[in-house]
Amino acid sequence: MGATKTDRKLSIGVEEILNDYRLACESREASLMGRKEVFMGKAKFGIFGDGKEVAQIAMAKAFKNGDFRSGYYRDQTFMFAIGQLSVQEYFAQLYAHTDVEAEPASGGRSMNGHFGTRLLDENGEWKKQTEMKNSSADISPTAGQMPRLLGLAYASKLYRQNKELHQFTDFSITGNEVAFGTIGNASTSEGPFFESINAAGVLQVPMVMSVWDDEYGISVPKEYHTTKGSISEFLAGIQRTKDKPGYEVFVVKGWDYMALVETFEKAAKIAREEHVPTFIHVTEMTQPQGHSTSGSHERYKSKDRLKWEADFDCLKKMREWILESELAQEADLDIIEKEAKEGAKTAKTAAWNAFMEDIKREQSEAIAVIEKCAEESNFIGEIHQAASDLKKTMNPIRLDSIKAAKKVLRLTRSENTEARSELVAWLSNALAKNEERFSSHLFSQSAKSALKVEEVKAEFSDESPLVDGREVLQACFDAALASDPRVFAIGEDVGKIGDVNQAFAGLQDKYGQLRVTDTGIREATIIGQGIGAALRGLRPITEIQYLDYLLYAIQILSDDLASLQYRTAGGQKAPLIIRTRGHRLEGVWHSGSPMGMILSSIRGIHVLVPRNMTQAAGFYNTMLKADEPALIIECLNGYRLKERIPNNVGEFTLPLGVPEVLKEGTDMTIVTYGSMCRIVMQAAEELEEIGISVEVIDVQTLLPFDVHHSIVDSIKKTNRVIFADEDVPGGASAYMMQKVVEEQGAYFHLDSQPVTIAAKAHRPAYASDGDYFSKPSVETVFDTAYALMNEVDPVKFPDLY
């Protein structure tokens, strides 16, 4: 198949080889012990890297400071080998220890096997990546790590080829860093894998992509997963030739220590020096404990297969090779194996004791206050029983103490004792601590949070030119590219023609193809390019051409980007700006407003919905000063509408979560955003003509939403409210109603039922009639508002139709 061959002339010292064997054994013991901990009830679930140890040690030898990993949940041995995970930290994650000092990858938020290094200090500022070995934070969805891997490698290409970036030595030394990816063989069936492999080959980025192939995907064998049963044979066409760029492809057995070391060294050298992606298919791997603690592989593997796996276990084969090569005696290896087992056991015990320390302290505090309550209560027997049950809890966790405290407080709800007040205070303090442990860092908590960006008003003068709206954006992007070499834009048609609506027109000619870049049609990896580059200190603007096409990328946005700061407990960030356009245009696939889907799936990303291009420019300026991601949705039908370019077009900013009153009124409030603002404003003017005064509010951002609760102030005045948008029924209009009526308490001030205006449940039909009869129109808004007033005063406002 044309795969690159390797030779066996690499020399490694005996001591290093034996240390590698020791580490492989210790990692195996950690896997074996981890499974037992789950079955003993000390952990919820386990997924382990047994059978992959030797290949991962070989990969670690080629991994240098500044490099990045984007892998999957069986890479524990690699993380041990690069010194970014201790066995004690490994068990701390298994137990879900919420202290980032004990479990730095996620602070107990990700299940075991989800690795990542802390790229940020305690203030949320970047550490020096070129002085560390870096791992982006893992996610569970299979192949979901691939788009991010592409972006991590793409950043090296930019750092090497754009000389303006050579100054940022905390993030790159002229692009010499390699991005290492890992994936299981079955997961190569996923779309993000193929999309990423193709994109990396097109872009020619320094990537080492490894497939750990144990021939199964849970219970499903390779013939159900991969054409020809071999991913390297299937992808043979990516092998580069003398006249066509591509990959350098390697195939190596997962139990062959020396061949693995040499292969990874050669693949990394090619990637690092030539900026050519390399692909390593690691075959004949095993998975001694099966897929996870959820089942046994004996149910679906034949006896012959199980025997083969025992014979070709990488630790067994490495041991045999060491003995055959006379690098050590059997007694020496016996000692190493025993010490490895003892070391893993010691680390496990230390991790468990550290995990239980805080929990038992809180448990003891709760028991003491509960018993004090018993002495001052008429329910002494029941309360003593609650304390006794809490004491007897085997392997207690935090919820046990919370439940016991709440049970006692419910019992004593009619009593007013000092001990009960003390228990209320204890519970309040415990809940606050757990809010920080489990719910912090959904968004940035640093000084560069988008909510802390200082507002700078747009400035206009008589000389401010009146132009098409898209020219306001063009001027904004021009200023951003000029002021910060880290800023770049990518997307379908963004480069040569300046995007389909011309907001980047002429900017590729001005700043070059590295700064304003066309991509293929591949939304998931456009986002992945942005995530990886943002993780490495760059400021990407990635474009999804239409809002309808966001569906292609929603999994990456939801599972990876949106959860990044949260799942690392503030340890990583990717301040990516996603630019798209939506709402009204023409037909089923170019006029979508799937806002409910977006709001439900990407919490952790700001969702900004400007009504015009000046507002959009202000949001771009804000987010380029912030350190967190945002989705900015421009109005499709607004690019040719006239607006004035602010004199400070590259400097003015808009605050997030601050609605704007577009028109004051007294009879009712209409809350809306985006393209609906123009429709509502026209309807409000027509309503004014017949004596109905409407206050119109543009929320401007949906995430965050009205952080100062200003909308309720309008409703206090009007006592009626309509929430209008063009999402499907129950989508963003229902979201806005919940935020205002429930969260802001507007129900208390309403004299009429709150009303929503939404589009039809189906996609919008084509052409002007299709739009009119599918989405809310001026007449829809007029009629809905009129009906409210008809209910109030049917004499003054009689039935219309």
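Each remark here, short or long, concerns the structure printed above.
Residues numbered from 1 in each chain as written. Predicted model: local features only at pLDDT ≥ 70, side-chain atom pairs only at ≥ 80, totals over all residues. Heavy atoms only, no water.

Counting residues in each nonpolar core, the largest one holds 85 residues, and the members touching the most others are F279, L557, M595 and L702. With residues up to four places along the chain from it excluded, the contact list for L557 reads I527, L550, A562, I578, I602 and I605. Ranked by size, the runner-up nonpolar core spans 70 residues in total, among them V38, F63, A259 and L260. (Core = buried A, V, L, I, M, F, W, Y, C linked by side-chain atoms within 4.5 Å. Buried < 20%, exposed > 50% of the residue type's maximum accessible area, 1.4 Å probe, protein only. Contact = heavy atoms within 4.5 Å.)

Moving on to empty space enclosed by the protein. Overall, the coordinates contain eight cavities of 30 Å³ or more when judged by the stated rule. The calculated volume of the largest cavity comes to roughly 50 Å³. Surrounding the largest cavity, L442, F443, S444, L561, A562, L564, Q565, A574, G604, E628 and P629 form its lining. By residue class, the composition of the lining of the largest cavity is seven nonpolar, three polar and one charged. (1 Å grid on protein atoms, 1.4 Å probe; cavity = no way out; pocket = protein on both sides within 12 Å on 5 of 7 lines; lining within 4 Å. Points joined across faces, edges and corners; volume = space filled by probe spheres on them. Nonpolar A, V, L, I, M, F, W, Y, C, P; charged D, E, K, R; others polar.)

With mixed pairing, the seven strands of this open sheet are ordered in space as β11-β10-β12-β13-β15-β14-β20. Whereas interior strands pair on both sides, the edge strands pair on one side only; in this sheet they are β11 (516-518) and β20 (701-703). Across the sheet, the axes of successive neighbouring strands diverge by a mean angle of 20°, strand direction being ignored. Of the strand pairs in this sheet, strand β14 (residues 606-608) and β20 are connected by two bridges, and their pairing is antiparallel. Considered in β20, the bridge of L608 is made with T701. (Pairing = 2+ DSSP bridges. Helix = DSSP H or I, 4+ residues; strand = E, 2+ residues; numbered from the N terminus. Axes fitted to C-alpha atoms, helices over the stretch in contact; angles between N-to-C directions.)

This part takes up the state of the cysteines. Following the criterion strictly, the structure yields zero disulfides and no others. Lacking any disulfide linkage, C476 is separated from the closest cysteine sulfur, that of C635, by 15 Å. Classification of C476 by relative accessible area gives buried; the value is 1%. Not engaged in a disulfide, the cysteine C635 finds its nearest cysteine sulfur in C677; these two sulfurs lie 7.4 Å apart. (Disulfide = S-S within 2.5 Å.)

Moving on to the pairing of strand β13 (residues 577-582). The buried count for β13 comes to six of six residues, which makes it a mostly enclosed element. What you see with β13 is no split at all: I577, R579 and R581 on one side and I578, T580 and G582 on the other are buried throughout. Here three bridges tie strand β12 (residues 539-543) to β13, and the two strands are oriented parallel to one another. Bridge assignment links E543 to a residue of β13, and that residue is R579. Alignment of β13 against strand β15 (residues 630-635), held across six bridges, turns out to be parallel. Bridging across to β15, T580 finds its partner in I633.

What follows concerns the side chain of H97. As for its position among the elements, H97 is in the loop between α4 (87-95) and β2 (134-135). On the basis of relative accessible area, H97 is assigned to the buried category, the value being 6%. For H97, the residues in contact, after removing those within four places along its chain, are A92, A102, E103, G107, G108, A354 and F355.

The final tally for this structure, using the stated rule, is 26 aromatic pairs. Where W126 meets F171, the ring centres are 5.6 Å apart and the plane angle is 85°; that geometry is what we call edge-to-face. Here W126 is found in the loop between α4 and β2, whereas its partner F171 is found in the loop between α5 (145-161) and β3 (179-184), with 45 residues between them in sequence. Residue classification places W126 among the partly exposed residues on the basis of a relative accessible area of 23%. Taking the relative accessible area as the measure of exposure, F171 reaches 10% and is therefore buried. Every member of this aromatic cluster is reached through a ring pair, and the members are F80, Y90, F91, Y95, W352 and F355. Geometry around Y216 places K301 over its ring, the cationic atom sitting 5.1 Å from the centre. Between K317 and the ring centre of W255, over which it is positioned, the NZ or CZ distance is 4.6 Å. (Phe/Tyr/Trp six-rings, centres within 6.5 Å; stacked < 30°, edge-to-face > 60°. Lys NZ or Arg CZ within 6 Å of the ring centre and 35° of its normal.)

Here A62 lies in the loop between α2 (53-61) and β1 (68-70). Put simply, A62 and T293 are 231 residues apart on the chain and 32 Å apart in space, counted from C-alpha to C-alpha. In contact with A62, other than residues within four places in its own chain, are D67, F180, F264, E265, A268 and R272.

This next bit is on the packing of helix α11 (residues 330-375) against helix α14 (residues 418-439). Two elements in contact, α11 and α14, have axes separated by 8 Å at closest approach and are oriented at 160°. Compared by their axis directions, α11 and α14 come out roughly antiparallel. Taken as a pair, α11 and α14 cross one another with a handedness that is left-handed. Across from E362, E365, A366, V369, I370, K372 and C373 in α11, the residues of α14 making contact are E418, A419, R420, E422, L423, W426 and R437. Grouping the constituent residues of the contact of α11 with α14 by class yields seven nonpolar, no polar and seven charged. (Parallel < 35°, antiparallel > 145°, perpendicular 65-115°, else oblique. Left-handed = near helix turned anticlockwise from the far one by under 90°.)

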